[in-house]
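# Structural overview for review
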Amino acid sequence: SNTYKEKSGYFLSMLGNPDIMWEEQQKTRIGLHIGIIKGTSINFEVYERNTHKTLAQRYINSTSGFTSVPDNIGDMQNRGFDLTITTTAYKSKNNDLSIRPYFNLNYNQQKVTSLFLNKDNFVNRLFNNGYRLNEPLQWALPIFKGINNSGDAEWYQRNENNPMIQQKDDSKITTQFSEDLIQTTGKKMFAPINGGFGVSTTYKNLSLDLAFSYALGKWLINEDRYYTLIPKLSSAYYMRKDTRLLENASYMRLKSISLSYAIPQEVIEQLKFFSAVRLYASARNIFTITKYSGADPEFSNVLSRGGYPPTRQFTIGVELKF
């Protein structure tokens, strides 16, 4: 795909690493199931997942012509629990009406347990993430301070000894943007709390199901703002990739809703052709409550590069059984 002296040519796009190895995981889970009368059940499970030889890009001296190489950069630990509760909130004596809500929650505590070359911190500029021993994976970006009286943007200079120790000293600022300003933002890359809740209701032959999903403590870089915003009309660049783009992406979403109606059996018997007929309508991704200004808090790709976020979907159908 390249030329050299007006002829077809080849080039090395990435250095290889003959010592690279597969990631390894060790996982332990302990679960408890409790069944209570009247249709209530509780499932509680604790887990520990240790990932060894985590794969990522590691920076190297640029004298080779390359600045990074794929490598096993360290170990990671995830600890947490899963909780699911389902119950029958109401059920009529003749079973005509029933209401069954549910709730589930995952809490995950993440931390880096080791890094290559016995380092205690590492910042990956390619993916804007930062590693520090005994802490979770964090977003790493230049921290934007504001606009000065001259209309120029200002950023905090980072801690030179450890960019994973946040530095926001007003006496150490600069108007010259550089990727060398990258430091931890203190925001976790992965939401520690995720889950869902909903309800299933039936009344005679009519059924209604609602399902919600949520995430708390989630942060995302709004890449579309990076490619579209122009901070200053006289500027030679668009947006700088800094903390202005890092947004709170916690959300609650009505993930799905479905309504169905089963034609009574006495009507089916009169048709003498089908054994069952069910009419149904469903919709997905109806609405989302979030502070995130991007296309979707569950979607981290870029629209301007051809990405497709989750869409609203509507379905109407008939189910026939012979």
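I will try to describe carefully the structure that is included in this document. (Residues numbered from 1 in each chain as written. Predicted model: local features only at pLDDT ≥ 70, side-chain atom pairs only at ≥ 80, totals over all residues. Heavy atoms only, no water.)

### With respect to the overall build of the chain
The number of helices and strands found in the chain is two helices and 22 strands. At 27 Å, the chain has a C-alpha radius of gyration far larger than the 20 Å of a compact globule built from 322 residues. Counting only C-alpha atoms and orienting by the principal axes, one finds that the chain spans roughly 80 × 50 × 45 Å. Contacts in the chain between residues far apart in sequence, at least 24 positions, make up 63% of those at least 6 positions apart. With an accessible surface of roughly 20,200 Å², the chain has 53% of that area assigned to carbon and sulfur atoms. (Helix = DSSP H or I, 4+ residues; strand = E, 2+ residues; numbered from the N terminus. Rg over C-alpha atoms; globule rule 2.2 N^0.38 Å. Contact = heavy atoms within 4.5 Å. Areas by Shrake-Rupley, 256 points an atom, 1.4 Å probe, with all protein chains shown as cover.)

### With respect to a nonpolar patch on the surface
A grouping of Tyr 203, Leu 206, Leu 208, Leu 259, Tyr 261, Val 267, Leu 271, Phe 273, Leu 279, Val 318, Leu 320 and Phe 322 is seen on the molecular surface, where their side chains present a nonpolar patch of about 1,100 Å² in accessible area. Taken together, the elements giving at least two residues each to the nonpolar patch come down to strand S16 (206–216), strand S19 (251–262), helix H2 (265–271) and strand S22 (313–321). With respect to the secondary-structure elements, Leu 271 resides in helix H2. (Patch = residues over 30% accessible without salt bridge, like charges linked within 9 Å, V, L, I, M, F, W, Y side chains within 5 Å. Salt bridge = Lys/Arg side-chain N within 4 Å of Asp/Glu carboxyl O.)

### With respect to the nonpolar core
Soluble, globular proteins show a tendency: their nonpolar side chains are buried together. By size, the foremost hydrophobic cluster in this structure holds 20 residues, and its most contacted members are Ile 73, Phe 122, Tyr 131, Trp 139, Ile 221 and Leu 246. Of all elements in the fold, only strand S5 (68–86), strand S7 (97–115), strand S10 (138–141) and strand S17 (219–221) reach the threshold of two or more residues within this core. Broken down by element, the residue count for this core peaks at three residues, all from S17. Ignoring anything within four residues of it in the chain, the contact list for Tyr 131 reads Ala 56, Ile 73, Met 76, Val 112, Leu 115, Asp 120, Asn 121, Phe 122, Leu 137 and Met 164. (Core = buried A, V, L, I, M, F, W, Y, C linked by side-chain atoms within 4.5 Å. Buried < 20%, exposed > 50% of the residue type's maximum accessible area, 1.4 Å probe, protein only.)

### Let's talk about the pattern of salt bridges
In a structure, side chains of opposite charge can pair up when their charged atoms sit close to one another. For the structure on display, the rule yields 14 salt bridges. Between Arg 79 and Glu 48 there is a salt bridge whose closest N-O contact spans 2.5 Å. Residue Arg 79 is located in strand S5, and its partner Glu 48 is located in strand S4 (residues 40–59); the two are separated by 31 residues in the primary sequence. You can call Arg 79 partly exposed: its relative accessible area is 40%. Overall, Glu 48 belongs to the partly exposed group, its relative accessible area being 25%.

### Re the sheet that holds strand S14 (residues 183–188)
Sheet architecture is open: four strands sit in the order S8-S9-S10-S14, paired in antiparallel fashion. The open sheet has two edge strands, strand S8 (121–124) and S14, and neither has a second partner. Taken over all neighbouring pairs, the strand axes of this sheet differ in orientation by 35 degrees on average, direction set aside. (Pairing = 2+ DSSP bridges. Axes fitted to C-alpha atoms, helices over the stretch in contact; angles between N-to-C directions.)

### Remarks on the environment of Tyr 59
Here Tyr 59 shows up in strand S4. Among the residues examined, Tyr 59 registers a relative accessible area of 27% and is labelled partly exposed. Ignoring anything within four residues of it in the chain, the contact list for Tyr 59 reads Thr 67, Ser 68, Phe 122, Val 123, Asn 124, Arg 125 and Leu 126.

All we've got here are geometric facts, nothing functional implied.
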